[in-house]
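Listed below, chain by chain, are the residues.
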Amino acid sequence: MLVGHVTGAYGIKGWVRIRPYSADADAMLHAKTWWLDKPVLRDVDMMQSKMHGEDVVAQLMGVADRNAAEALKGAVVQIRRSHFPPLDDNEYYWVDLVGLEVENLQGEALGAVADLMDNGAHPILKVVAPAVAEDQKPKEWLIPFVDQFVKTVDQAGKKITVDWGLDF
């Protein structure tokens, strides 16, 4: 599962700085093997990691100096799902919501979840409608992921139902 991306080097001894995709980076901190997609998808042993502000900094096997760490900038970090903590009812991993179709209570399709973001108070779904024409920018909605607007999440059916008009 995608958990973050490398933003650059940390220090001079080969540590990398990773921007996690979630505010809770426990799974990344405890996984001993990561998969990086740069230069090709490969597994890397994580030797040490810790939080540093909002980022994770880590020492990876085979990354011996700052130049090697900088070469990984932009790499996507993945870990096994088994390292993620179990969820309570009505809790979701963001990665599981991306791609789900979104429709409103009237049955009108808004589009698909393209991304999620955290504004500090709650997550926000970024829903993007299919492009109508090649030269037209697709319509986007930013929908707060709160009970007031998100009515159901059906992961098996790959659909989220929201109380949100097409004209919002």
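The structure contained in this document is the topic of the report that follows.

Here is what the cut-offs are and how they apply
Residues numbered from 1 in each chain as written. Predicted model: local features only at pLDDT ≥ 70, side-chain atom pairs only at ≥ 80, totals over all residues. Heavy atoms only, no water. Patch = residues over 30% accessible without salt bridge, like charges linked within 9 Å, V, L, I, M, F, W, Y side chains within 5 Å. Areas by Shrake-Rupley, 256 points an atom, 1.4 Å probe, with all protein chains shown as cover. Salt bridge = Lys/Arg side-chain N within 4 Å of Asp/Glu carboxyl O. Helix = DSSP H or I, 4+ residues; strand = E, 2+ residues; numbered from the N terminus. Buried < 20%, exposed > 50% of the residue type's maximum accessible area, 1.4 Å probe, protein only. Polar contact = N/O pair within 3.5 Å; in protein donor to acceptor, adjacent residues only side chain to side chain. Contact = heavy atoms within 4.5 Å. Pairing = 2+ DSSP bridges. Axes fitted to C-alpha atoms, helices over the stretch in contact; angles between N-to-C directions. Phe/Tyr/Trp six-rings, centres within 6.5 Å; stacked < 30°, edge-to-face > 60°.

### Some points on a nonpolar patch on the surface
There is a patch of nonpolar side chains on the surface, built from Leu2, Tyr21 and Val95 and spanning about 240 Å² of accessible area. With respect to the secondary-structure elements, valine 95 resides in helix 3 (residues 94–97). Residue valine 95 is classed as partly exposed on the basis of its relative accessible area, which comes to 33%.

### Quick word on unusual backbone geometry
Note the cis peptide between lysine 38 and proline 39, where omega equals 0°. The residue proline 39 is located in the loop between strand 3 (33–36) and strand 4 (42–52) in this model.

### Re the side chain of glutamine 59
With respect to the secondary-structure elements, glutamine 59 resides in strand 5 (residues 55–60). Looking at glutamine 59, the relative accessible area reads 17%, which means it is buried. Separated by 2.7 Å, the side chains of glutamine 59 and glutamine 48 make a polar contact. Those residues within four positions of glutamine 59 in sequence are excluded, and the remaining contacts are Trp15, Asp45, Met46, Met47 and Gln48.

### Focus on the sheet that holds strand 4
The strand order 1-2-5-4-3-6 describes a closed barrel built from six strands, whose pairing is antiparallel. Going across the sheet, the axis of each strand differs from the next one's by a mean of 45°, ignoring polarity. Bridge count for strand 2 (residues 15–20) against strand 5 is three bridges, and the pairing is antiparallel. Note that in strand 5 the partner of arginine 17 across the bridge is valine 57.

### Some words on the side chain of asparagine 104
By the secondary structure assignment, asparagine 104 is in strand 7 (residues 101–104). Within the structure, the side chain of asparagine 104 is placed 2.7 Å from the side chain of glutamate 108, a separation counted as a polar contact. A distance of 3.2 Å separates a polar side-chain atom of asparagine 104 from the backbone oxygen of tryptophan 164. Setting aside residues up to four positions removed in sequence, asparagine 104 forms contacts with Leu110, Thr161, Val162, Trp164, Gly165 and Leu166.

### Concerning the packing of aromatic side chains
Following the criterion strictly, the structure yields four aromatic pairs and no others. Between the aromatic rings of phenylalanine 149 and tryptophan 164, the centroid separation amounts to 5.1 Å while the plane-to-plane angle is 80°, which identifies the pairing as edge-to-face. With phenylalanine 149 in the loop between strand 10 (140–144) and strand 11 (150–154) and tryptophan 164 in the segment after strand 12 (159–162), this pair connects stretches of sequence that are 15 residues apart. The class for tryptophan 164 is buried, based on a relative accessible area of 12%. Between tryptophan 164 and phenylalanine 168, the ring centres sit 5.1 Å apart and the planes meet at 75°, which makes this aromatic pair edge-to-face. Residue classification places phenylalanine 168 among the exposed residues on the basis of a relative accessible area of 52%.

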